[in-house]
Amino acid sequence: MIIDLVGFLVSLIFLIVVIDLMRRRLLLEQYALFWLGMGIVLTILSVSPGLLNRVAKVLGIYYAPSLLFLVGFLFMLGTMLHLTVVLSRLTNRTVRLTQELGMLKSQLEMADHRTALTERSEPLSNG
Amino acid sequence: MKEALVIIPALNEERSVGNVVRSILSSCPMVDVIVISDGSTDQTAIVAREAGAKVVELPVNLGIGGAMQTGYLYAWRAGYHYAIQIDADGQHDPADLPKLLDEMGRGDADMIVGSRYVERTAYRSSASRRVGMVMLATLIRMAVGYPIKDTTSGYRIVNHKTIELFSRFYPHDYPEVEVLVLLHRHRLRIREVAVEMKERQAGRSSITMMRSAYYMFKVSLAILLEVMRGKEARREGKS
């Protein structure tokens, strides 16, 4: 059936895109693992409709392709939760970095100010 | 260096921050003032510096919690004994500062809240706002076990123990109420003292009608989460 071929091609392209993003360092390995796992599972399921049917039967799912949706949906849910955890961690880090940067800047300005003052007063005290 | 640091977070408050800094320094010469310019795009930092404050300019806007924590981080590293937070919009009267410092000097509290409701003062607010305040006060009473009347007041003085805690943990947004439970969780004591509150000189409250429902939900959730985190073990060795 043509849908099997389309499913296979889409899964394969997805897998290739993920690996290429990792190769070009646009995707950190730790986050890519999710997508890699999803790509592999989708590819395996799409090349063997028999496997999909069997797993669906074991789980008591009458319409096998809906198992694909279920797996995909759970994957998305997990990934999005993971993403917001990562985002929260990033937020905390950004806040601390910004605070440190602001304080460093203020210290630097004060140091510059002091240097300027001593440079101006030195010729006077020597002469 | 002075013994106490007044922290003023300010976002685009060039019109009022100068007056606030000057009136603090004139009514209470025994404090240093630091203005945290939270990614301001106007002259806030320059005006504050000219008025005699130390200034930390944050390169991006962090929101009230992140800005306030910068002040506490500064106070902790510089070794101040006390830190006082005060709004840049002019609703807190610097004339109450010596009173807050005196009360802190008694050493029976780790944070003192400048409160509108302890004694009868000139402050009035809308009915819906008062309902919200009462709800928050009830929640806080259940969470900490004793009454704190003005839970949302941003006029506060803390000692060095609390400065240390705030330099590590400080809520990101709407921090005032959540902080009360945070302190209780770390076995730190809170007390209230009556202060005068004026109408704001400039700017609007960060809590508009549209946001008040979200505010109540967010703050209640934060209180619940703080309670769920449980009490910290008493840390020995540190005074």
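Residues numbered from 1 in each chain as written. Chains lettered and ligands numbered in written order. Predicted model: local features only at pLDDT ≥ 70, side-chain atom pairs only at ≥ 80, totals over all residues. Heavy atoms only, no water.

Taking an unreviewed UniProt entry as the reference, chain B is identified by name as Glycosyl transferase family 2 belonging to Ferroacidibacillus organovorans.

For chain A, an unreviewed UniProt entry supplies the name DUF2304 domain-containing protein and the organism Ferroacidibacillus organovorans.

Trainee: Which residues make up the interface of chain A and chain B, and what are the values?
Mentor: On the chain B side, the residues contacting the 14 residues of chain A number 17 residues. Taken over both partners, the interface formed by chain A and chain B buries close to 1,300 Å², and the fraction arising from carbon and sulfur atoms is 59%. Taken as a group, Thr-98, Gln-99 and Met-103 of chain A account for 38% of the area that chain A buries against chain B, more than any other trio of residues on that side. Across the chain A-chain B interface, the total number found is two salt bridges. There are six residue pairs in polar contact (both at pLDDT 80 or more) connecting chain A and chain B. Residue composition of the side of chain A that touches chain B, by class: four nonpolar, six polar and four charged. (Contact = heavy atoms within 4.5 Å. Buried area = accessible area lost by both parts, 1.4 Å probe. Salt bridge = Lys/Arg side-chain N within 4 Å of Asp/Glu carboxyl O. Polar contact = N/O pair within 3.5 Å; in protein donor to acceptor, adjacent residues only side chain to side chain. Nonpolar A, V, L, I, M, F, W, Y, C, P; charged D, E, K, R; others polar.)

Trainee: Describe in detail helix α1 (residues 2–23) of chain A, supporting the description with residues and values.
Mentor: Residues and elements named next belong to chain A. Its 22 residues place the ends of α1 31 Å apart at the C-alpha level, agreeing with the 32 Å of an ideal helix rising 1.5 Å per residue. Taken together, the buried positions of α1 are Ser-11, Leu-15, Val-18 and Met-22. An end-on view of α1 places all buried positions within 65 degrees of arc, on one side of the element. Those residues of α1 that are exposed and angled more than 90 degrees off the buried face are Ile-2, Leu-5, Val-10, Ile-13, Ile-16 and Arg-23. The elements touched by buried residues of α1 are α2 (29–47). Positive phi appears at Arg-25, one or two residues downstream of α1, with a value of about 60 degrees. (Helix = DSSP H or I, 4+ residues; strand = E, 2+ residues; numbered from the N terminus. Expected span 1.5 Å × (residues − 1). Buried < 20%, exposed > 50% of the residue type's maximum accessible area, 1.4 Å probe, protein only. Arc of directions from axis to C-beta.)

Trainee: Any details on the side chain of Glu-13 of chain B? Residues and values, ideally.
Mentor: Relative to the helices and strands, Glu-13 of chain B is located in the loop between β1 (4–10) and α1 (17–27). Discounting residues that sit within four places of it in the chain, Glu-13 of chain B has contacts with Asp-42, Thr-44, Ala-88 and Asp-89 of chain B.

Trainee: Now, about the sheet that holds strand β3 (residues 54–58) of chain B: what can you tell me, with residues and values included?
Mentor: All names here are of chain B. Strand order in the open sheet made by the seven strands is β3-β2-β1-β4-β6-β5-β7, with mixed pairing throughout. Strands with a single pairing partner mark the edges of an open sheet, and in this sheet they are β3 and β7 (190–194). In this sheet, neighbouring strand axes are inclined to one another by 20 degrees on average, regardless of whether the strands run parallel or antiparallel. Pairing analysis gives five bridges linking strand β5 (residues 111–115) to β7, with the strands arranged parallel. Bridging from a neighbouring strand, Met-111 pairs with Ile-190 of β7. Together, β1, β2 (31–38), β3, β4 (82–85) and β6 (156–158) form the strand contacts of helix α3 (residues 64–78), whose direction differs from that of β1 by roughly 155 degrees. (Pairing = 2+ DSSP bridges. Axes fitted to C-alpha atoms, helices over the stretch in contact; angles between N-to-C directions.)

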